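Residue strings, one per chain:
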Amino acid sequence: MLSLALRTLHARWITFAGTFTALSLGVALLTVMGLALASSLDAPARKPERFSAAPVVVKGAHTLRVPTPNGDRTEQLVHPRAVPRATMAKLRRLGTVVADRSYPVRAEGGPGELTGHPWSTARYASYALESGRAPRADDEIVVSGDWARPGERLRTDRGSVRVVGTVAARGFEHAVFHTDARAAELSPPVHQLIVDARPADVREAVRGAEGVRVLTGDDRRWADADPLRDKEALTALNALFGTAGGVSAFVSVFVVASTFAFAVEQRRREFGLLRTAGATPGQLRRMVVLEALLVGVLASAAGCALGARAAPRLAAWVVDVELAPGWFAIGDASWPYHAAFWTGLLVALCGVVAASWRAGRTGPLQALRKASAGPGAMTGGRWLCGTGLLLTAVVTLVIALLSDPGDLLHRKTYVSLPMLLITAAALLAPPVVHPAVRLLAWLPARLPGAGGMLVREHASAGVRRTAAVAAPVLVTVALAGSLLGATETLDRAGAAETRKRTTAAFVVTAAHGGAIGSRTLDRLRAVPGARVSASAPSAVYVLEEGTALIRSEARAVDPGAQAVTARLPLTAGKATDLDDGSVIVNEEWERHTVGQRVRVWLGDGTERTLGIAAVMATGTGGNGVYVTHANAPGARVDRIDVALADGPQCLKGLCGRSGTPQTPGCYPWTPARSLQKETRAGLPIPPPAVPAAARRPAGTGHRPRAAPSPRDSRPGPPPSGARPASAPGSTDPRCGRRAGPPARHRNRPARHPRRKGS
């Protein structure tokens, strides 16, 4: 049988070319996704960046630790605690102590992410002056990179300043250095210190200070900004490549099985001649399996070679579109090649099983048949499998709709459930092929010439052959349509929720995790007829079921003002009942009954027991938590919703000669009703992208318990009578920069709010 299989491959290479191409491309996809997934499993061990030359770093409490019967549960605090003054006094007795501060800065013509620091910390990151001198006055700064030169004056959200020096860029940040006194004014809390003393003496000095850590050696990286950014980026990449690999394997099975089925159907007369010559059904089955084995080995090897060349291109692309951090590259793991090769071989063998069984059932008289009409298209096994999958999909969908509709919004559900329906449709397609072909070919068959009529009759007569050709197309198109449709539906649903619950006319946001100054807030409140609601991002932690520490993103609001600018989707209670002793939760919380008391930890780790003032519906992505500003210590206002009692004309107090509303610090204005979806590189990456935060009210998100973070904002078209300070693609007259979403550093990919649990 082996020699016969080899001769068949040599003689009928055109017949097997389609199978070879389909299988090799499938294996190449699996290889690419496997190599990318292997490279995203572990982040490289980062060395300290800002504190590479610091002897010892003392960091204030930044971790919440809650004891449970199953051990301690920990979460990172959204608002770390400052180093206690008593501890700072003890450390100053040991040696030189330098207070480190970090705060966002926005400057005309500057990079999108500027971070301010006191000048005394520059030497601990190995910054050295390249030109100019150190800052000596409050209006003097030193910048990293070459985007500004000594002597230039810049307008920033921290006031007008003069550049007096530059340092070489270090790659991990765009730094702006003020004097130590000015930095202390801009960011009073001290969350970490640099101490020039022996580590043992420092540890003894901080003994008894709750949560304070002493960092030395490589542990100093935990004092850098966002030390977990690599882990978070890898989590998103794992989801992306894992989903893509699963979809590739799913499609490959159908494509290979269909091509083998088509090849067997085309060779019915050949198998009949072999049966007439004395071949047994078992010999025919073994021959077909050997052919598949040979094709599988060659195609899998070719696919692995093709995938090895394509994987680096994929890595470069995901870095270029900022889906991956700048360090991401394909590693030297070998298991993806083994997994892809043996998976391809297994797919080939599994795809030929049904075809080989059909080949073994070919009778000797098949060689004498001249007609193109084949036997019945549906077998009992195909009816059973197709019907079973269809019933399973329908029952699963009905159960989800009746018990937990929100589960359908999860990526695993809206990816896996359509697969069941698509598989059932592919298995049950043959009975539909005949009427569908007759309908589609009705017009071509009536055109002049016999071509249309022959195509119709040939396709409708060979139902099994036509179904084998159509199955891979059906699976590919249906799967792509279901995934794109799911993400588009969720985007539109989120936008519709946003339109329904917002009553503000404009939204002012601070970019890059920054804050809006009190001067801007005071000017907005002074506008006649304007109702202003300022909110700040925070978090609330709750222990559910006695063992799971859950972090819920929160917004700190003024209940009265917020009731004017937003319409929360409440199922119980009133938003105006929110006070310093209560919280607004959503239905996902274990306790969500108005009046119940719940034990929580605030963003800085403070333990409180709050009453539930109101409960919100889950919505498309799980609404967040609302607290008052008193229960969000350390939170800074980053969003202002503005409701206009007298229409846009009341903004004339903030308009310049051009009629453009202006706010100190170049904060972008956005009409609250300008709701558009936001995608990443045009890809439907689960969980789906959500409308930009500047175009939605607080509490909207696409992940469980996620209130939105207004980091990414895009100004939209203004209503008649007023317009925002800048529109996408235009030049901001106050900052001299292109308006639109803030640029993101590649090592700091954009993050979506999420629900965390330990």
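As shown above, the structure is provided for reference.
Student: Which parts of the structure should I look at to understand the environment of Leu-129?
Tutor: The topology assignment puts Leu-129 in strand β7 (residues 129-132). As a C-alpha pair, Leu-129 and Val-142 span 13 residues in sequence and 8.6 Å in three-dimensional space. Non-local contacts of Leu-129, meaning those with residues more than four positions away in its chain, are made with Trp-119, Ala-134, Val-142, Gly-165, Thr-166 and Val-167.

Student: How do you make sense of the environment of Leu-91 when you look at a structure like this?
Tutor: Relative to the helices and strands, Leu-91 is located in helix α3 (residues 85-92). Leu-91 gets classed as buried once you look at its relative accessible area, which sits at 0%. Along the sequence, Leu-91 and Val-202 sit 111 residues apart, while their C-alpha atoms lie 6.8 Å from each other. Leave out the neighbours within four places in its chain, and Leu-91 touches Val-58, Val-97, Leu-193, Val-195, Val-202, Ala-205 and Val-206.

Student: Can you walk me through the side chain of Glu-553 in this structure?
Tutor: Along the chain, the position of Glu-553 falls in strand β16 (residues 548-557). Within the structure, the side chain of Glu-553 is placed 2.8 Å from the side chain of Arg-551, a separation counted as a polar contact.

Student: Even after reading the chapter, I still don't get unusual backbone geometry, so can you show me in this structure?
Tutor: Glycine aside, negative phi is the norm for most residues, and most peptide bonds take the trans geometry. For Ser-126, which is not glycine, the phi dihedral falls at a positive 65°. As for its placement among the helices and strands, Ser-126 is situated in the loop between β6 (114-118) and β7. Taking the relative accessible area as the measure of exposure, Ser-126 reaches 43% and is therefore partly exposed. We note that Glu-545 has phi near 55°; this positive angle belongs to a residue other than glycine.

Student: Sorry, what's going on with the pairing of strand β20 (residues 607-616) here?
Tutor: Regular strands have side chains that alternate between both faces of the sheet. Extensive coverage of β20 is indicated by the burial of 7 of its 10 residues. Both strand β17 (residues 570-573) and β20 contribute to a ladder of 3 bridges, which runs antiparallel. Looking across to β20, one finds that Leu-570 is bridged to Met-616. Looking at chain direction, strand β18 (residues 582-586) and β20 are connected through 5 bridges and run parallel. When the bridges of β20 are listed, Val-583 appears paired with Ile-612. Direction of pairing for strand β19 (residues 597-601) relative to β20: antiparallel, over a ladder of 5 bridges. Its bridge partner lying in β20, Arg-597 is registered against Gly-611. Between β19 and β20, which pair antiparallel and follow one another directly, the connecting turn spans 5 residues, one of which, Gly-605, has a positive phi of 90°.

Student: How do you make sense of the packing of aromatic side chains when you look at a structure like this?
Tutor: Here the distance between the centres and the angle between the planes together describe a pair of aromatic rings. What the rule picks out here adds up to 4 aromatic pairs. With a centroid separation of 6.3 Å and an interplanar angle of 20°, the aromatic rings of Phe-241 and Phe-328 are classed as stacked. With Phe-241 in helix α6 (residues 229-266) and Phe-328 in the loop between α8 (281-320) and α9 (335-360), this pair connects stretches of sequence that are 87 residues apart. Considered together, Phe-241 and Phe-328 belong to a single accessibility category, that of buried residues. The rings of Trp-119, Tyr-127 and Phe-177 are connected pair by pair, giving a single aromatic cluster.

Student: Whenever I open this one, the sheet that holds strand β13 (residues 213-215) confuses me. Can you help?
Tutor: Paired through their backbone hydrogen bonds, the strands of a sheet run either parallel or antiparallel. Reading across the sheet, the 4 strands line up as β4-β12-β1-β13 and stay open at both edges, with antiparallel pairing between neighbours. The open sheet is flanked by β4 (96-100) and β13, the only strands paired with a single partner. Along the sheet, successive strands turn relative to each other by an average axial angle of 25°, direction set aside. In the sheet, β4 pairs with strand β12 (residues 192-196) via 5 bridges, with the strands oriented antiparallel. Within β12, the position partnered with Val-98 by the bridge is Ile-194. The sheet contacts of α3 involve β1 (56-59), β4 and β12, and relative to β12 the element is tilted by about 15°.

Student: Looking at this model, I keep getting lost on the pattern of salt bridges. Mind explaining?
Tutor: Between side chains of opposite charge, a pair can form when the charged atoms approach closely. If you walk through the whole model with that rule in mind, you get 14 salt bridges. As a salt-bridge pair, Glu-140 and Arg-162 come within 3.2 Å of each other at their nearest N and O atoms. In this pair, Glu-140 is assigned in strand β8 (residues 140-144) and Arg-162 in strand β10 (residues 159-167), connecting sequence segments 22 residues apart. We classify Arg-162 as partly exposed; its relative accessible area is 30%.

What counts as what
- Residues numbered from 1 in each chain as written.
- Predicted model: local features only at pLDDT ≥ 70, side-chain atom pairs only at ≥ 80, totals over all residues.
- Heavy atoms only, no water.
- Helix = DSSP H or I, 4+ residues; strand = E, 2+ residues; numbered from the N terminus.
- Contact = heavy atoms within 4.5 Å.
- Buried < 20%, exposed > 50% of the residue type's maximum accessible area, 1.4 Å probe, protein only.
- Polar contact = N/O pair within 3.5 Å; in protein donor to acceptor, adjacent residues only side chain to side chain.
- Pairing = 2+ DSSP bridges.
- Phe/Tyr/Trp six-rings, centres within 6.5 Å; stacked < 30°, edge-to-face > 60°.
- Axes fitted to C-alpha atoms, helices over the stretch in contact; angles between N-to-C directions.
- Salt bridge = Lys/Arg side-chain N within 4 Å of Asp/Glu carboxyl O.

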